[in-house]
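Here is what each chain is made of, one letter per residue.
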Amino acid sequence: MSIIPAFRAVLQPDVTDEQRQTLEKDVRALKGVVQVIFNRNADGEKYLHVNYMPGNGVERRVAAMDGVLRTHYTMS
């Protein structure tokens, strides 16, 4: 378990690979982001796993991006 917080940004089902790559790039550019990993779960749901430094409003800013369906905190 990491001491760096993380959240999952679930992507909208119709997000293309090109849109996903752009989202990854945009999230990486945010101040406080430590790591971004693209993945999908067993049901085929696409998401970005984001590790970040607290206090920068990263999750709120990612949740407002086009192509993000929802975010939720995870234990990393």
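Residues numbered from 1 in each chain as written. Predicted model: local features only at pLDDT ≥ 70, side-chain atom pairs only at ≥ 80, totals over all residues. Heavy atoms only, no water.

Describing the sheet that holds strand β4 (residues 68-74)
Test applied: Any two strands with at least two DSSP-identified bridges between them are counted as paired. By definition, any uninterrupted DSSP run of H or I lasting at least four residues is a helix, any uninterrupted run of E lasting at least two residues is a strand, and each is numbered from the N terminus. Here, axes are lines fitted to C-alpha atoms. For helices the fit covers the stretch in contact, and angles between N-to-C directions go from 0 to 180 degrees. The criterion used for residue contact is that any of the two residues' heavy atoms lie within 4.5 Å.
With respect to topology, four strands assemble into an open sheet ordered β2-β3-β1-β4, the strand pairing being antiparallel. Each end of this open sheet is capped by a strand with a single partner; those strands are β2 (33-40) and β4. Neighbour-to-neighbour, the strand axes of the sheet open up by a mean angle of 20°, direction not taken into account. Alignment of β2 against strand β3 (residues 46-52), held across seven bridges, turns out to be antiparallel. Across the sheet, residue I37 finds its bridge partner in β3, namely H49. Lying on the sheet, helix α1 (residues 17-28) is in contact with β1 (6-11), β2, β3 and β4; it crosses β2 at an angle near 160°.

Regarding α1
Filter applied, for reference: One less than the number of residues in a helix, times 1.5 Å, gives the span that helix is expected to have. Note on exposure labels: buried denotes an accessible area under 20% of the residue type's maximum, exposed denotes more than 50%, and partly exposed covers the range between, all computed with a 1.4 Å probe on protein chains only. It is the directions from the helix axis to the C-beta atoms that the arc portrays.
The first and last C-alpha atoms of α1 sit 16 Å apart over 12 residues, in line with the 16 Å expected at 1.5 Å per residue. Buried residues of α1: R20, L23, E24 and V27, and no others. All buried residues of α1 fall inside an arc of 100° around its axis, so they share one side. Exposed side chains of α1 directed beyond 90 degrees from the buried face belong to E18 and K25.

Some thoughts on the environment of R40
Tracing the sequence through the fold places R40 in strand β2. A relative accessible area of 42% means that R40 is categorised as partly exposed. Sequence spacing of R40 and A29 is 11 residues, and the spatial spacing of their C-alpha atoms is 22 Å. Discounting residues that sit within four places of it in the chain, R40 has contacts with E45, K46 and Y47.

Quick notes on the pattern of salt bridges
Applied cut-off: We define a salt bridge as a contact between a side-chain nitrogen of Lys or Arg and a carboxyl oxygen of Asp or Glu at a distance within 4 Å.
One pass over the structure, following the stated rule, counts three salt bridges. Residue E24 pairs with R28 through a salt bridge whose shortest N-O separation is 3.5 Å. One end of the pair, E24, and the other, R28, are both in helix α1, four residues apart, so they sit about a helical turn from each other. Exposure remark for E24: the relative accessible area of 10% places this residue in the buried category.

Quick notes on the packing of aromatic side chains
We count it as follows: Pairing of aromatic side chains here covers Phe, Tyr and the six-membered ring of Trp, requires ring centres within 6.5 Å, and sorts the geometry by plane angle: under 30 degrees stacked, over 60 edge-to-face, intermediate tilted. The rule for a charge over a ring is simple: NZ of Lys or CZ of Arg within 6 Å of the ring centre, and within 35 degrees of the ring normal.
Evaluation of the coordinates by the stated rule reveals one aromatic pair. The ring of Y47 carries the charged tip of R8 above its face, separated from the ring centre by 3.7 Å. For R20, the ring lying beneath its charged end belongs to F38, and the centroid distance is 4.0 Å.

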